[in-house]
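Below, each chain spelled out in residue letters.
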Amino acid sequence: MNFLLTEDQELFRRTVREFAAREIAPVAAEHDEAETYPAENVRKMGELGLMGLTVPTEYGGAGAGAIEYALAMEEVARACAAHSVVLTVNVSLVCEPIYKFGTDEQRERFLPRLTRADIVGSYCLSEPRSGSDARNMETRAERDGDHYILNGTKNWITNGGVAGLYLVYAATDPHGGRIGAFLIEADRPGLRAGAKERKLGIRASSTTQVFLEDCRVPVENRLGEEGDGFKIAMTTLDGGRIGIAAQALGIAQAAFDAAVAYAKEREAFGHRIADFQGLQWMMADMATRIDCARLLTYRAAQLKDRGLPFSKEAAMAKLYASETAMWVTTKAVQIHGGYGYSREYDVQRYFRDAKITEIYEGTSEIQRMVIARHILRD
Ligand SMILES: Cc1cc2nc3c(=O)[nH]c(=O)nc-3n(C[C@H](O)[C@H](O)[C@H](O)COP(=O)(O)OP(=O)(O)OC[C@H]3O[C@@H](n4cnc5c(N)ncnc54)[C@H](O)[C@@H]3O)c2cc1C
């Protein structure tokens with residue numbers, strides 16, 4: 001087993017790190033404060049090839065693997081977690097299922113625009129009355145000749161209102177037993193995004209409800225077969241969880257770096273606070289947990305790259321990295337003392353941003369369920 005990145009991977013990480021430091025970090029606090037979507041930087045992430053990172057080059061992607069994807073997510077999230085959620089939804093939750101389950105025609109129609117960031121995608125599974133229990137959805141897709149008519153409401157949709165393409169999951173029978181996946185263009189009549197949610201963190205990302213009101217979608221926009229939707233949704237989340245683990249890692253790393261720098265500067269009782277053993281042990285634990293999270297994330301990514309099963313390992317990585325991000329950012333605020341509580345310092349943004357990684361793409365409780373299911377099945 002190799003714990004070290006290749007030279008190419010190190011170079012790639014440096015490139016993304018420099019891009020994020022130059023373009024993203026300087027505007028992160030401003031977008032967070034104003035709750036504005038960073039359209040210009042999303043376009044730049046597209047130019048750099050990040051928005052279609054794992055899509056094969058024939059469809060406009062960069063043809064990179066899951067390790068490179070985790071590296072990119074970590075570096076972007078280190079600068080701004082909100083930018084990284086736009087990236088992960090586009091790459092993992094929209095481009096990858098289109099590539100994996102789509103027809104050649106669907107790949108050609110949608111992937112080049114998504115990978116260049118001419119449009120961004122969104123993934124619409126959650127509803128007002130179903131999140132963890134996603135199968136229990138109320139959105140319906142009724143067949144009408146060579147069309148489906150969709151009705152329902154999707155909740156908490158990342159990239160809602162700014163997306164050009166919505167991947168919508170809907171039950172195709174009246175009892176909700178069979179679920180289909182539908183690619184719906186933003187300008188299709190009957191699809192409408194609601195108002196932007198006012199959130200605790202990742203405030204630069206746009207999160208809205210999405211309403212489907214007699215939205216007519218041609219059969220050729222269905223992804224996979226009619227009853228494949230739930231399988232597509234769950235398989236997609238397995239890959240997505242590597243992205244969220246890496247996002248959590250980036251947030252934790254940013255908070256750790258800020259805490260160490262602050263501890264070296266701040267003085268109390270005639271010493272740098274970094275000289276106090278109480279804080280040194282805190283920093284040692286922070287660094288150790290971040291490394292554990294990174295190793296779990298790379299392991300899941302490596303399994304995915306090798307075409308091996310990775311569902312349990314992705315859930316472990318997501319669970320551990322997100323809880324690490326919450327723990328590390330809490331300690332980082334503590335090391336900053338009162339200044340950590342001020343909105344003048346970035347560390348409070350990391351603390352607010354970390355929480356979402358324990359909630360979306362399956363809460364920590366759901367990750368534990370997934371892991372336990374694998375343990376008991378083995
Ligand atoms: C900012 C943001 C962005 C999001 N982006 C998207 C998106 O782009 N697309 C999308 O489809 N969704 C998105 N979501 C939705 C997200 O995936 C859900 O919020 C999440 O899956 C939890 O669902 P819920 O909110 O309905 O909570 P619930 O499912 O109601 O859960 C409430 C609590 O009960 C616990 N719980 C539920 N079932 C069990 C169980 N069996 N055992 C133990 N505990 C359980 C949960 O862990 C949680 O603690 C987003 C959410 C947010 C906040």
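Residues numbered from 1 in each chain as written. Predicted model: local features only at pLDDT ≥ 70, side-chain atom pairs only at ≥ 80, totals over all residues. Heavy atoms only, no water.

Moving on to the overall build of the protein chain. Check the secondary structure of the protein chain and you find ten helices and ten strands. Scaling as 2.2 N^0.38, a compact globule of 378 residues should have a C-alpha radius of gyration of about 21 Å, and the protein chain matches this with 21 Å. Summarising its shape, the C-alpha atoms of the protein chain cover approximately 80 × 45 × 40 Å along the three principal directions. Counting over 378 residues, the protein chain shows a buried share of 56%. Of all intrachain contacts in the protein chain linking residues separated by at least 6 positions in sequence, the fraction that spans at least 24 positions is 73%. (Helix = DSSP H or I, 4+ residues; strand = E, 2+ residues; numbered from the N terminus. Rg over C-alpha atoms; globule rule 2.2 N^0.38 Å. Buried < 20%, exposed > 50% of the residue type's maximum accessible area, 1.4 Å probe, protein only. Contact = heavy atoms within 4.5 Å.)

This brings us to the domain arrangement of the protein chain. As assigned here, the protein chain comprises domain 1 (7-119), domain 2 (122-229) and domain 3 (237-377). For the pair domain 1 and domain 3, the summed buried area comes to about 1,900 Å², and 55% of that belongs to carbon and sulfur atoms. A per-residue breakdown of the area domain 1 buries against domain 3 is headed by Ile67, Glu74 and Arg78, which together make up 27% of the total. Here domain 1 and domain 3 share five salt bridges between them. Note that Glu96 is salt-bridged to Lys304, the shortest N-O span being 2.9 Å. Of all the elements in the fold, those that place two or more residues in the side of domain 1 that touches domain 3 are helix H1 (7-34), helix H3 (66-79) and helix H4 (81-101). By residue number, the principal contributor to the side of domain 1 that touches domain 3 is H3, which donates ten residues. In the side of domain 1 that touches domain 3, the residues fall into 14 nonpolar, four polar and six charged. (Domains from an automatic or database assignment. Buried area = accessible area lost by both parts, 1.4 Å probe. Salt bridge = Lys/Arg side-chain N within 4 Å of Asp/Glu carboxyl O. Nonpolar A, V, L, I, M, F, W, Y, C, P; charged D, E, K, R; others polar.)

Turning our attention to the nonpolar core. Met45, Leu50, Leu114, Leu150, Tyr169, Ile184 and Ile335 are the most contacted members of the largest nonpolar core, which has 116 residues in total. Here this core takes 18 residues from helix H6 (residues 229-265), the largest share from any one element. When neighbours within four sequence positions are excluded, Ile335 is seen to be in contact with Ala259, Tyr262, Ala263, Ile273, Leu279, Met282, Met283 and Met286. Core analysis: the second largest hydrophobic core is formed by five residues, Ala315, Leu319, Val370 and Ile371 among them. (Core = buried A, V, L, I, M, F, W, Y, C linked by side-chain atoms within 4.5 Å.)

Here the focus is helix H7 (residues 277-305). Over its 29 residues, H7 extends 42 Å from the first C-alpha to the last, a length consistent with the 42 Å expected when each residue adds 1.5 Å. Residues Leu279, Met282, Met283, Met286, Ile290, Ala293, Arg294, Thr297, Tyr298, Ala300, Ala301 and Leu303 constitute the buried set of H7. Of the surrounding secondary structure, the elements contacted by the buried residues of H7 are H1, H3, H6 and helix H8 (311-335). Of the residues one or two after H7, Gly307 is the one with positive phi, at around 75°. (Expected span 1.5 Å × (residues − 1).)

Moving on: unusual backbone geometry. For Phe269, which is not glycine, the phi dihedral falls at a positive 55°. By the element assignment, Phe269 lies in the loop between strand E9 (267-268) and strand E10 (271-272). Residue classification places Phe269 among the exposed positions, given a relative accessible area of 81%. One non-glycine residue, Glu361, lies in the positive phi region at around 55°. Tracing the sequence through the fold places Glu361 in the loop between helix H9 (347-356) and helix H10 (364-377). The class for Glu361 is buried, based on a relative accessible area of 11%.

Each full turn of the α-helix corresponds to 3.6 residues, which orients residues three or four apart in the same direction. For H10, built from 14 residues, the straight-helix expectation of 20 Å at 1.5 Å per residue is met to within 8% by its first-to-last C-alpha distance of 20 Å. Residues of H10 that are buried include every one of Ser364, Ile366, Gln367, Val370, Ile371 and His374, and no others. Around the axis of H10, the buried residues are gathered within 165° of arc, so they sit on the same side. Exposed residues pointing more than 90 degrees away from the buried face of H10 are listed as Glu365 and Leu376. Next to the buried residues of H10 lie H6 and H8. (Arc of directions from axis to C-beta.)

Our focus in this paragraph is the site of the ligand. Around the ligand sit 17 residues, and of these Ser126, Ser132, Trp156, Thr363 and Glu365 come closest. Contact distances for the ligand include 2.8 Å between a nitrogen atom and a backbone N or O atom of Trp156. In this structure, Thr158 approaches the ligand through a side-chain N or O atom, which is 2.8 Å from a nitrogen atom. In isolation the ligand has 970 Å² of accessible area, and contact with the protein removes 64% of it. Applying the majority rule of atoms within 2 Å of the grid points places the ligand in the largest pocket. Every element with two or more residues in the shell around the ligand is listed here: strand E3 (147-158) and H10. Considered class by class, the residues forming the shell around the ligand number nine nonpolar, five polar and three charged. A domain split of the shell around the ligand shows at least three residues from each of domain 2 (122-229) and domain 3 (237-377). (Near = heavy atom within 4 Å. Polar contact = N/O pair within 3.5 Å; in protein donor to acceptor, adjacent residues only side chain to side chain. Areas by Shrake-Rupley, 256 points an atom, 1.4 Å probe, with all protein chains shown as cover. 1 Å grid on protein atoms, 1.4 Å probe; cavity = no way out; pocket = protein on both sides within 12 Å on 5 of 7 lines; lining within 4 Å. Sits in = over half its atoms within 2 Å of the grid points.)

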